[in-house]
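# Close look at the chain arrangement
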Amino acid sequence: MQDTDVRTRGARATARAPRARTGRRLGQALIPYVWIGPATLLIAVVVLWPVVEMIRTSLQKISSSGVTLGSNGTTNYSDLFDEGDLVHVVVRTLLWVAGVVIVTMVISLALAQLLNARFPGRRVVRWAVIVPWAASVLMTALVWKWMLDNYFGVVNEVLLDLHVLHKPVNWLAHPDQAMLWMMWVAVFVSLPFASFVILAGLQTIPGEVYEAARVDGSGTFRTYFRITLPMLRPALLIAAIINVINVFNSFPIIWAMTQGGPGHATDTTTTFMYKIAFFDQNVGESAAMAVVNFALVLVMVLLYLRASRWREEVR
Amino acid sequence: MTATTVRTKAAAKPKPVSFRKVILTGVAWLVGLAFVAPYLEMLVTALKPEHELMRSSYLPTKWEWSNFVDVWRAAPIWQNMKVSLLVAGAATIVTLLCGLPAAYYTARNRFRGRNAFLLLILITQMFAPTALVIGIYREMVALNLTDTLLSLILVNAAFNLPFCVWILHGYFASIPKELEEAAFLDGAGRIKALVRVTLPISMPGVVTAVVYTFIGAWNEYIVALTITSSPNRQPLTVAIPSFVTQYQEHWQYLFATSLIAIVPVVILFVFIERYLIGGLTAGSIK
């Protein structure tokens, strides 16, 4: 807001300038685009072009070797909607996103409070919590796969030694169990980022606010729900939306642990799309799946824009 | 647990260690342990001799430290690591070169197209390479860039750029303009004022942007899996799963390599953890 008045001052100064300087003013007018040009160009070429290319491909007939054989109308889409597994895959994807994000946000709220509290060794605990963020998701998924191994996995060993199980369970062979374990891994890798964003949010709440609440005789729970949570809204919003996008697009966890199998029983839209393209060699139909997937993301983006009231925030 | 935050004021007076504090510390340490446990299991597995992998035991009977030496000979992981470093490093530099000026200018000035640009940034933040991988693949085929490092660098730079611009924009906007104006009065130009005054104060934001991009690129999997085919152009993420296939199961090498990849990044994080919280604040508040 301070910049606006400086800006108007500048505008007034240029208004007073003689007409002879039009050329220079044109040059001045182009300056902003020099500053934002490279970023815009990079996004246009590498992010927006694939969007266009994907939509185009979804309407084309592509041979299994990748050669374009001309237009295909909406055949790719009708082929996609004829896939018996599609409905299951989409429903599973939505459950996967909702489940992982809700659990992540709830645990992160508690975790952020814990990391904000004072105790000896707090820095070390914070470093420990960061580790799954720093580690590649693929590698984390692979170690969980190893820990869940039927014969040699540490999870079965511990449960057998504690007499919770009587014989080893092949966790990843059963779709429902596999899905729950993969959701857990997704939560595990999402927690560091979400709790650090919330922790950052907690630290922006001035101490005086709590002081005032205490003077008013507000109890712990009341203070939390009436003051802390509402003030965390921006942080929660950004943590949740980034988490939604990441989880929705999460490919390595499922790819490493079950490859969406058995059959399509643990596929989400992204692994399903990948299999159509590179296993079934049907790039056109895969692009159609990608467009459907992308439409789902766009809906979420619009919801986010409404929630964040971006116009007010950008100002 | 909020009580702890409220209590800090009261705790300023020296008090005997309370029971609650002991419990809190215990819980916190257990939580910390839970987060590193899978990576400890990685380490234990990486230190097992191959014949002990297929035997259920918590710890190796013989600690095979030589696995960490042998793995370099078992597969060309040095080459894959160079690819990962090059791609992540170059992507980070490209992101900063494109992102810093845009974030700075939009935070300081209003001009026609500013809102459109910020909306573009906000929307493309939501685009992930995974969702667009088919389009990226087709584009790289069209540009004849499949199986090149350049394509990996561009993709990683571009997809991390929006978040970085957003964070930096928030950070720059939170720095009072008066600080720069003082530098202007001293005769410094706009760029000099940016480099001498604003950038140093913005370090938390810059560090967050750098780390976010570097980690994102270092860990990227699906695009690299799709557009690289020669083993010597594959980053670590694509190369390591080949230690465990239907023909061979070298879990010890897989996890030794994973740790070699993870440890430097964790150390990087430890150094910047302090900045990170400040940087993330800018992104979420503005």
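Computed from a prediction, not measured in an experiment: that's the story for all the values here. (Residues numbered from 1 in each chain as written. Chains lettered and ligands numbered in written order. Predicted model: local features only at pLDDT ≥ 70, side-chain atom pairs only at ≥ 80, totals over all residues.)

Broken down by element type, chain B carries 14 helices and zero strands. Along chain B, helices (α) and strands (β) appear in the sequence α-α-α-α-α-α-α-α-α-α-α-α-α-α when read from the amino end. Against the 2.2 N^0.38 benchmark of 19 Å for 286 residues, chain B shows a C-alpha radius of gyration of 24 Å, more extended than a compact globule. When the backbone C-alpha atoms are referred to their principal axes, chain B occupies close to 70 × 70 × 35 Å. Counting across all 286 residues of chain B, residues that qualify as buried make up 46%. (Helix = DSSP H or I, 4+ residues; strand = E, 2+ residues; numbered from the N terminus. Rg over C-alpha atoms; globule rule 2.2 N^0.38 Å. Buried ≥ 20, exposed ≤ 12 C-beta atoms within 10 Å, placed from the backbone.)

Moving on to the overall build of chain A. A count of helices and strands for chain A gives 15 helices and two strands. Across chain A, every contact between residues at least 6 apart in sequence was considered, and the portion connecting residues at least 24 apart equals 67%. (Contact = placed C-beta atoms within 7 Å.)

A separate point is the domain arrangement of chain B. It is common to give the size of an interface as the accessible area lost on bringing the parts into contact. All names here are of chain B. When cut into domains, chain B gives domain 1 (2-46) and domain 2 (76-285). Distance between the C-alpha centres of domain 1 and domain 2: 32 Å. At the interface, five residues of domain 1 touch seven residues of domain 2. Split by residue class, the side of domain 1 that touches domain 2 holds four nonpolar, one polar and no charged. (Domains from an automatic or database assignment. Nonpolar A, V, L, I, M, F, W, Y, C, P; charged D, E, K, R; others polar.)

Residues and elements named next belong to chain B. Helix H10 (residues 190-201) packs onto helix H9 (residues 177-185) with a crossing angle of 135° between their chain directions and a minimal axis gap of 9 Å. Relative to H10, the element H9 lies oblique. Crossing hand, H9 versus H10: right-handed. On H10, the residues touching Leu179, Glu180, Ala183 and Phe184 of H9 are Ala193, Arg196, Val197 and Thr198. Here the residues of the contact of H9 with H10 sort into five nonpolar, one polar and two charged. (Axes fitted to C-alpha atoms, helices over the stretch in contact; angles between N-to-C directions. Parallel < 35°, antiparallel > 145°, perpendicular 65-115°, else oblique. Left-handed = near helix turned anticlockwise from the far one by under 90°.)

The next subject is the interface of chain A and chain B. The interface is formed by 89 residues belonging to chain A together with 88 residues belonging to chain B. Per element, the largest residue contribution to the side of chain A that touches chain B is 16 residues, and it comes from helix H2 (residues 22-58) of chain A. Tallied by class, the residues present in the side of chain A that touches chain B amount to 61 nonpolar, 20 polar and eight charged.

Bringing the nonpolar core into the picture now. Counting 173 residues, the largest nonpolar core has Val197, Ile198 and Ala239 of chain A together with Ala158 and Leu168 of chain B as its most contacted members. With 18 residues, helix H8 (residues 175-202) of chain A is the largest single contributor of residues to this core. For Ile198 of chain A, the contacting residues outside a window of four places in its chain are Ser108, Leu109, Ala112, Leu232, Ala235, Leu236 and Ala239 of chain A. (Core = buried A, V, L, I, M, F, W, Y, C linked by C-beta atoms within 7 Å.)

We now examine the confidence of the model for chain A. Of all residues in chain A, 90% have pLDDT values of 70 or greater, and the mean over the chain is 82. When the criterion is pLDDT under 50, residues 1-17 of chain A qualifies, and its contacts beyond four places in sequence or with other chains add up to 10 contacts. (pLDDT = per-residue confidence, 0-100.)

The next thing to look at is the environment of Pro168 of chain A. Residues and elements named next belong to chain A. Relative to the assigned elements, Pro168 resides in the loop between helix H7 (154-161) and H8. Each C-alpha atom, one on Pro168 and one on Ser250, is 29 Å from the other, the two residues being 82 residues apart in sequence. When neighbours within four sequence positions are excluded, Pro168 is seen to be in contact with Asn150, Tyr151, Asn156 and Leu160.

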